Amino acid sequence: MGLEEWVANRWVVPHVATREEVAELLAAVAVDLETAVATTAPAWRFAIAYTAGLRLCTVALNASGHRAAGERKHYRTIAALPLVMGDSAKDTAEYLEQCSRKRHEVTYESVGGVSGEEADELVGVVRELRDTVVAWLSRHHPAIAP
C-alpha cells in the first residue's frame, strides 16, 4: 500500500513542510539525543531516544508533503518511513515500531523494563537515522534541508 491509499483512507493529509519546521524538529532531535545520553535511568533514556526517532520520521513524512492524521499518529508516522524514504528504511521502521510498544509499556505499565543496552542500541539507531534523514533531505528536498 502506498501513500495514495493512505491519503484515501485519511491516515495522512497534505502538509507543506518549511525549512524552519524541519530545522526546529532537527534541533529537538539533537536535544533529545543529548538528554538521552545524559540520563542515567535506562527507561527514560529509551523513551527520550524513541521521541527523537519519532521526530525524524515526522521530518521525512512532512517533507514528503504529508502529515499523520486521525488515530494512531505515532504508528502511521513510523510506518510511513519506508513509503517516503524507500525500502532501505523498512528495518528501521519495524525496529522503531517495536520500540514504540516497549516505550508504552515502560512509561505506563512497568517502569524498569528496559536495559541500559537496549537504551544504548536505540540511541545508536536514532543517530544513524538522523544522518540518513538529513542526507535524504539534501538529495530529495534541498529547499527545506538544513
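Below is a short write-up of the structure. Just so we're clear, the structure is a prediction, and the values are computed from it rather than from any experiment. (Residues numbered from 1 in each chain as written. Predicted model: local features only at pLDDT ≥ 70, side-chain atom pairs only at ≥ 80, totals over all residues. Heavy atoms only, no water.)

Digging into the packing of aromatic side chains
The tally for this structure, following the rule as stated, stands at 1 aromatic pair. For the ring pair Trp6 and Trp11, a centre distance of 5.7 Å and an interplane angle of 80° mean the geometry is edge-to-face. Its relative accessible area of 7% is what places Trp6 among the buried residues. Its end group placed over the ring of Tyr75, Arg72 keeps NZ or CZ at 4.1 Å from the ring centre. Here the guanidinium or amino end of Arg76 rests over the ring plane of Trp11, the centre of that ring lying 4.0 Å away. (Phe/Tyr/Trp six-rings, centres within 6.5 Å; stacked < 30°, edge-to-face > 60°. Buried < 20%, exposed > 50% of the residue type's maximum accessible area, 1.4 Å probe, protein only. Lys NZ or Arg CZ within 6 Å of the ring centre and 35° of its normal.)

Examining the packing of helix H3 (residues 42-63) against helix H6 (residues 90-108)
Contact geometry of H3 with H6 gives a least axis separation of 10 Å together with a crossing angle of 140°. Judged by the inter-axis angle, H3 sits oblique to H6. Our pair here, H3 against H6, has a crossing hand that is left-handed. On H6, the residues touching Ala43, Phe46, Ala47, Tyr50, Gly53 and Cys57 of H3 are Leu96, Cys99, Ser100, Lys102, Arg103, Val106 and Thr107. Broken down by class, the residue content of the contact of H3 with H6 amounts to 8 nonpolar, 3 polar and 2 charged. (Axes fitted to C-alpha atoms, helices over the stretch in contact; angles between N-to-C directions. Helix = DSSP H or I, 4+ residues; strand = E, 2+ residues; numbered from the N terminus. Parallel < 35°, antiparallel > 145°, perpendicular 65-115°, else oblique. Left-handed = near helix turned anticlockwise from the far one by under 90°. Contact = heavy atoms within 4.5 Å. Nonpolar A, V, L, I, M, F, W, Y, C, P; charged D, E, K, R; others polar.)

As for the nonpolar core
Ranked by size, the top nonpolar core spans 46 residues in total, and within it Leu81, Met85, Leu122 and Leu137 carry the most contacts. Broken down by secondary-structure element, the contributors of at least two residues to this core are helix H1 (3-8), helix H2 (19-38), H3, helix H5 (81-85), H6 and helix H7 (116-140). With 13 residues, the top contributor of residues to this core is H3. With residues up to four places along the chain from it excluded, the contact list for Leu137 reads Val22, Val59, Ala63, Pro142, Ile144, Ala145 and Pro146. (Core = buried A, V, L, I, M, F, W, Y, C linked by side-chain atoms within 4.5 Å.)

Points about the pattern of salt bridges
On inspection of all chains with the given rule, the structure shows 5 salt bridges. The partner of Asp120 in a salt bridge is Arg45, and the shortest N-O contact between them spans 2.4 Å. Pair noted here: Asp120 is in helix H7 and Arg45 is in helix H3, with a separation of 75 residues, a long-range link. Using a relative accessible area of 47% as the deciding quantity, one classes Asp120 as partly exposed. The class for Arg45 is buried, based on a relative accessible area of 11%. With a shortest N-O distance of 3.1 Å, Glu118 and Lys102 are connected by a salt bridge. Placement of Glu118 in helix H7 and of Lys102 in helix H6 is noted, with a sequence separation of 16 residues between them. (Salt bridge = Lys/Arg side-chain N within 4 Å of Asp/Glu carboxyl O.)

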